[in-house]
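Per-entry structural report
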Amino acid sequence: MNSLFVKAQQLDQSDALKSARERFFLPEGKIYLDGNSLGALPTHVPARVADAVQRQWGEDLISSWNKNAWIDLPTRVGAQIAALIGAKPSEVVACDSTSINVFKVLLSALQLRPERRVIVSDIDNFPTDLYMAQGINTLLENRYELRFVKRADLEAALTEDVVVLLLTEVDYRTGERLNMKSITARAQAVGALTIWDLAHSAGAFPVALNDCNVDFAIGCGYKYLNGGPGAPAFLFVAEQHQSAPEPVLSGWMGHAAPFAFTPEYAPAASVLRFTTGTPPVLALTALEASLELWQKFSIHSARAKSLLLTDLFIEAMQPLEQYGFACVTPLEHEKRGSQVSYTHEHGYAIMQALIAAGVVGDFRAPDIVRFGFAPLYNSFSDVIEAVARLEQIMKTQAWKAPEFAMKAKVT
Ligand SMILES: *Cc1c(COP(=O)(O)O)cnc(C)c1O
């Protein structure tokens, strides 16, 4: 452990993103390894939100839609996100929640292949993606076969009747990163469309949507993008698909001319047709301000650091495998996101004990302890200190205290 402490200190000294950490509020003594669930608060964000509240809302009132360009927040924020995910600025918009965006892009995909009848996804996909597909199928009177299969069976599931392949790039439990390019190509080879959920990708590493020829994508604003709790999500629609689907959530903000107030719906000729109602200005303000960090710090540096962080964590955790931890995150870099996960039969209680000791990770049923590494604000010393505190908990069996077995509503 001591030699790893020294290694961590050296890595911290040569860290190209060292100065990014000072731009976040991080509680004293706490090691926050849950930025994959809720990103930390950048120090400049509260003042920006306060300005939106006090000056823009308080003084400028409704003139702010023009004067403070509130109306362009969805596309402005979308363009900032586009730069991180390898898309054109005109292909991304910030709006609604990830779940709602799944609904919108999935229905759009179904419209583009009306003769086909199968929706394919990974049975271990994040549940909301699967649930939204189920809801859509109910709405459409079970017209579709929902082919949810194990990852190993995805290729075989891609037959000529598949409309769309709906996948999450990084598995929220194991942290495994899928090969977006080759999987997209395989789906497109049978004429299917692809939807990629970037919840654990955007802001963690550079995504290359255009290079991978992806059709649709969605993702979260509150994870690695640090947009704040419940931040607006985003959606990506490849240019060639922006004019065909007729939005079903056909709200006025997606209309070609919202302020013409005509009774007939006519969708905008841009990615705006996939928006619905009035944008959440305060939440978008926080997300927009957070995203400015990426003008100073590169997403490529973030990826390089993320791999070093997760490598170091995996190395430091090896001696703890004697306590029953088994790493479920792939060791190959190209198959890794920015989190590391272990199974442990007492994972829930252990994570509660660790949180009480000031190291915040989280637990995912049935038996996974998850550690997310946010390259903008996690340090290499954090990694070693987190493992040292976990080792102490395992050695002393502190996790066996009854209070750590009590399940809270949010895990
Ligand atoms: C976190 C997460 C979501 C969250 O969706 P919300 O609508 O924001 O609750 C969706 N998909 C994946 C893969 C996630 O990890």
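You'll find the structure just up there.
So, a few notes on the structure that sits alongside this text. Sequence order sets the numbering: in each chain, residues are counted from 1 along the sequence as written. Local features are withheld for residues below a pLDDT of 70 in this predicted model, meaning they are given only at 70 or higher, and side-chain atom pairs are given and counted only at 80 or more; totals for whole chains, interfaces and linings count all residues. Calculated side-chain values reflect all of the structure's heavy atoms, with hydrogen atoms and water omitted.

Attention now goes to the sheet that holds strand β5 (residues 118-122). Hydrogen bonds along the backbone pair up the strands of a sheet, which may run parallel or antiparallel. Pairing is mixed across the open sheet formed by 7 strands, whose spatial order is β4-β10-β9-β8-β7-β5-β6. Here the strands that pair on one side only, and so sit at the sheet edges, are β4 (92-94) and β6 (145-149). Direction aside, the axes of adjacent strands within the sheet are offset by 15 degrees on average. Inspection of the sheet shows β5 paired to strand β7 (residues 162-168) by 4 bridges, in the parallel sense. In the sheet register, Val118 faces β7, and the bridge partner there is Val162. Only heavy atoms matter for contacts: two residues are in contact if any of them lie within 4.5 Å across the pair. A fitted line through C-alpha atoms represents every axis, and for helices the fit uses only the stretch in contact; the resulting angles, taken between N-to-C directions, go from 0 to 180 degrees. Secondary structure is summarised from DSSP: a helix means a run of H or I of at least four residues, a strand means a run of E of at least two, and numbering begins at the N terminus for each. Against the sheet, helix α4 (residues 73-85) makes contact with β4 and β10 (234-237), and its axis sits at roughly 125 degrees relative to β4, the strand it touches most. Taken strand by strand, helix α5 (residues 98-112) contacts β5, β7, β8 (193-197), β9 (216-219) and β10, and its axis lies near 170 degrees from that of β9. Following DSSP output, two strands are said to pair if at least two bridges run between them.

Below, the discussion takes up helix α8 (residues 180-189). With a 1.4 Å probe rolled over the protein chains alone, any residue whose accessible area is under 20% of its type maximum counts as buried; one over 50% counts as exposed, and the rest are partly exposed. Buried residues of α8: Met180, Ile183, Thr184 and Ala187, and no others. End-on, the buried residues of α8 take up no more than an arc of 100 degrees, which puts them together on one face. A distance of 3.2 Å separates the backbone nitrogen of Lys181 from a side-chain oxygen at the start of α8, and that oxygen is part of Asn179. Just downstream of α8, Gly191 is the residue with a positive phi angle, here 85 degrees. Here, the arc refers to the directions that run from the helix axis to the C-beta atoms. Contacts described as polar in this section are N or O atom pairs within 3.5 Å, which, within protein, must combine one atom able to donate a hydrogen with one able to accept it, while residues neighboring in sequence count only if both atoms come from side chains.

Only protein atoms enter the 1 Å grid used here. Points where a 1.4 Å probe fits but cannot escape make up a cavity, open sets with protein on both sides within 12 Å along at least five of seven lines make up a pocket, and a residue lines them when an atom lies within 4 Å of a point. Grid points are joined across faces, edges and corners, and a volume is the space filled by probe spheres set on the points. Scanning the model with the defined rule gives 3 cavities of 30 Å³ or more in all. Of the pockets and cavities examined, the largest cavity occupies roughly 80 Å³. Forming the boundary of the largest cavity are Phe103, Lys104, Leu107, Ser108, Gln111, Glu246, Pro247, Val248, Leu249, Arg273 and Phe274. Any residue outside Ala, Val, Leu, Ile, Met, Phe, Trp, Tyr, Cys, Pro, Asp, Glu, Lys and Arg is labelled polar, Gly included; the first ten of those are nonpolar and the last four are charged. Considered class by class, the residues forming the lining of the largest cavity number 6 nonpolar, 2 polar and 3 charged. The space that makes up the second largest cavity amounts to roughly 60 Å³. Lining of the second largest cavity is provided by Asp122, Asp124, Asn125, Phe126, Arg151, Thr168, Val170, Asp171 and Tyr172.

The next subject is the packing of aromatic side chains. The criterion for an aromatic pair is that two Phe, Tyr or Trp rings (for Trp, the six-membered ring) have centres within 6.5 Å, with stacked assigned to planes under 30 degrees apart, edge-to-face to planes over 60 apart and tilted to the rest. Scanning the entire structure with this criterion turns up 11 aromatic pairs. Look at Trp252 and Phe261: their rings are 5.9 Å apart centre to centre, the planes differ by 25 degrees, and that puts the pair in the stacked class. Its relative accessible area of 36% is what places Trp252 among the partly exposed residues. Pairwise contacts between aromatic rings join Phe313, Phe325, Tyr342, Phe371 and Phe373 into one cluster. For a Lys NZ or an Arg CZ to count as sitting over a ring, it must be within 6 Å of the ring centre and within 35 degrees of the ring normal. Over the aromatic face of Phe205 sits the side chain of Arg177, whose NZ or CZ is 3.9 Å from the ring centroid. When the ring centre of Phe126 is taken as reference, the NZ or CZ atom of Lys223 above it lies at 5.5 Å.

Patches were defined on residues exceeding 30% relative accessible area and lacking a salt bridge, with like-charge contacts within 9 Å and nonpolar side-chain contacts (Val, Leu, Ile, Met, Phe, Trp, Tyr) within 5 Å. Each accessible area is a Shrake-Rupley estimate made with a 1.4 Å probe; only the visible protein chains count as cover when residues are assessed. Between Lys or Arg on one side and Asp or Glu on the other, a salt bridge is scored when a side-chain nitrogen of the former is within 4 Å of a carboxyl oxygen of the latter. A grouping of Trp57, Leu61, Ile62 and Leu282 is seen on the molecular surface, where their side chains present a nonpolar patch of about 440 Å² in accessible area. Positionally, Ile62 belongs in the loop between α2 (45-59) and α3 (64-67). Ile62 sits in the exposed class, given a relative accessible area of 68%.

Attention shifts here to the packing of helix α11 (residues 299-317) against helix α13 (residues 380-396). With their axes 9 Å apart at the nearest point, α11 and α13 run at an angle of 25 degrees to one another. As far as their axial angle goes, α13 and α11 are roughly parallel. In the packing of α11 onto α13, the handedness of the crossing is right-handed. Residues Lys305, Leu308, Leu309, Leu312, Phe313, Ala316 and Met317 of α11 lie in contact with α13, whose contacting residues are Phe380, Val383, Ile384, Val387 and Leu390. Here the residues of the contact of α11 with α13 sort into 11 nonpolar, no polar and 1 charged. Angle categories are assigned with fixed cut-offs, so that under 35 degrees is roughly parallel, over 145 is roughly antiparallel, 65 to 115 is roughly perpendicular, and the rest are oblique. Take the far helix as your reference; a near helix turned counterclockwise from it by less than a right angle gives a left-handed crossing, and one turned clockwise gives a right-handed crossing.

Our focus in this paragraph is the sheet that holds strand β11 (residues 326-327). Taken in spatial order, the 4 strands of this open sheet run β11-β12-β15-β14, and their pairing is antiparallel. Every interior strand has two partners, whereas the edge strands, β11 and β14 (362-364), have only one. Direction of pairing for strand β12 (residues 339-343) relative to strand β15 (residues 368-372): antiparallel, over a ladder of 5 bridges. Bridge pairing in β15 links Ser341 to Arg370. Sitting on the sheet, α11 touches β12 and β15, and the angle it makes with β12 is about 25 degrees.

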